[in-house]
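Next come the chains, spelled out residue by residue.
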Amino acid sequence: MAFYSPDPAMAQILGQLVAQLEQDGRPGLGEQLSVTWLRYGASLIGAADAMGHETFWGQPVTGANWSGERPRYPASVVKLVYLVAAETWLQRQLIDDCPELRRALADMVRDSGNDATSLVLDLLTGTTSGPSLPPERYQAWCRQRQLVNGWLASLGWSETRAENACQKTWAEGPYGRERDFYGPGLENRNRLSTDFTARLLHAVVAGGIVSPPACRRMMDLLQRSLDPGERAADPENQVDGFLGAGLPQGSRLWSKAGWMSQARHDAAYLEVEGRMPMLLVVFSEGRVRAADATLLPQIASALLAA
């Protein structure tokens, strides 16, 4: 059962939107798409910090999903998981805080850097990339690489049952022990659902995971500018072609996008003047969807208007 209360009216709106998008020239979209959509009566930012965690997590949240429980390859959205894990490790003094870690976290989230992600995951798990390993050493390496998944399981969330966050992100692809770890048929790829991603982002925005100061640091990294000049100066701004491109100027946006040859995803919390604050996670799969720079902005615009 999801952490939010399903709203039949929102579910109807979402279902009608998917059907309309299919009719408008995107055949098969319903099978290629997962969406989790939450709405709030007031700003979510810092809500858990303000009212106390127990009170906050007892508050009703209304939402709807389209295949929200279905695990999909998350591309760079998995970096949100590694960001929260890094703050958790720091709080528990499992890793040392230092300028180089902070630089890597910033590059991982703001610029979606794969090299930065590699360093962060190495620090989280005590592993490094390299050639294939002999069986005994490889099994020990694999156990270490599952540390983030172990932490996710410890959260006790029903949404973590099918999630898998143990792989680095790549520009060219994994080699050596990293390729071995994917499995012969890539069966060990990262997997996240939009419901899980929505719950994790919900917790970060509200200040309800790790600690309020840690959540504020993470929110600083997730904030996106909608200024046209700043976006034009940064072709990889994680706004254009994603949910933020469907928002009016003056909106506030915090997000983490994922994009590769077979996927275009985004996870965003947004506040727009005169509208209910909204959290929206959209995963779209397939080569055609990956090349579709208008789908996610259309979804954001339509649900905001609803």
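Here we summarise the structure given alongside this text.

Rules used in this analysis
Residues numbered from 1 in each chain as written. Predicted model: local features only at pLDDT ≥ 70, side-chain atom pairs only at ≥ 80, totals over all residues. Heavy atoms only, no water. Phe/Tyr/Trp six-rings, centres within 6.5 Å; stacked < 30°, edge-to-face > 60°. Helix = DSSP H or I, 4+ residues; strand = E, 2+ residues; numbered from the N terminus. Buried < 20%, exposed > 50% of the residue type's maximum accessible area, 1.4 Å probe, protein only. Pairing = 2+ DSSP bridges. Contact = heavy atoms within 4.5 Å. Axes fitted to C-alpha atoms, helices over the stretch in contact; angles between N-to-C directions. Salt bridge = Lys/Arg side-chain N within 4 Å of Asp/Glu carboxyl O.

Take the packing of aromatic side chains next. Within this structure, the stated rule accounts for nine aromatic pairs. Aromatic pair Tyr 138 and Trp 141: ring centres 6.2 Å apart, planes at 15°, arrangement stacked. You can see Tyr 138 and its partner Trp 141 sitting in helix α8 (residues 135-145), three residues apart, about one turn around the helix. Classification of Trp 141 as buried rests on a relative accessible area of 7%. When the centroid spacing of 5.2 Å and the interplanar angle of 90° are considered together, the rings of Trp 141 and Phe 181 count as edge-to-face.

Let us now look at the sheet that holds strand β5 (residues 252-260). Taken in spatial order, the seven strands line up as β1-β3-β2-β7-β6-β5-β4 in an open sheet, and their pairing is mixed. Only two strands of the sheet have a single neighbouring strand rather than two, namely β1 (5-6) and β4 (223-224). Summarising the sheet, β1 and strand β3 (residues 62-66) pair through two bridges and their orientation is parallel. Pairing of Ser 5 across the sheet is with Thr 62, part of β3. Each of β1, β2 (33-39) and β3 is contacted by helix α1 (residues 8-23), which is oriented at about 30° to β3, the strand it contacts most. Packed on one face of the sheet, helix α11 (residues 194-206) meets β2, β3, β6 (263-271) and β7 (278-285) and runs near 145° to β7.

Turning next to helix α15 (residues 295-305). Each turn of an α-helix holds 3.6 residues, which means side chains three or four residues apart point in the same direction. Of the residues making up α15, those classed as buried are Leu 295, Leu 296, Pro 297, Ile 299, Ala 300, Leu 303 and Leu 304. In this structure, the buried residues of α15 make contact with α1, α2 (29-32), β2, β6, β7 and α14 (287-290).

A few words now on the pattern of salt bridges. Going through the model one piece at a time under the given rule, you end up with 15 salt bridges. Measuring nitrogen to oxygen at the nearest pair gives 2.8 Å for the salt bridge that ties Arg 102 to Glu 87. Within this pair, whereas Arg 102 is found in helix α6 (residues 99-110), its partner Glu 87 is found in helix α5 (residues 78-91), the two being separated by 15 residues in sequence. Taking the relative accessible area as the measure of exposure, Arg 102 reaches 25% and is therefore partly exposed. Residue Glu 159 pairs with Arg 199 through a salt bridge whose shortest N-O separation is 2.9 Å. Residue Glu 159 is found in the loop between α9 (147-154) and α10 (177-182), and its partner Arg 199 is found in helix α11; the two are separated by 40 residues along the sequence.

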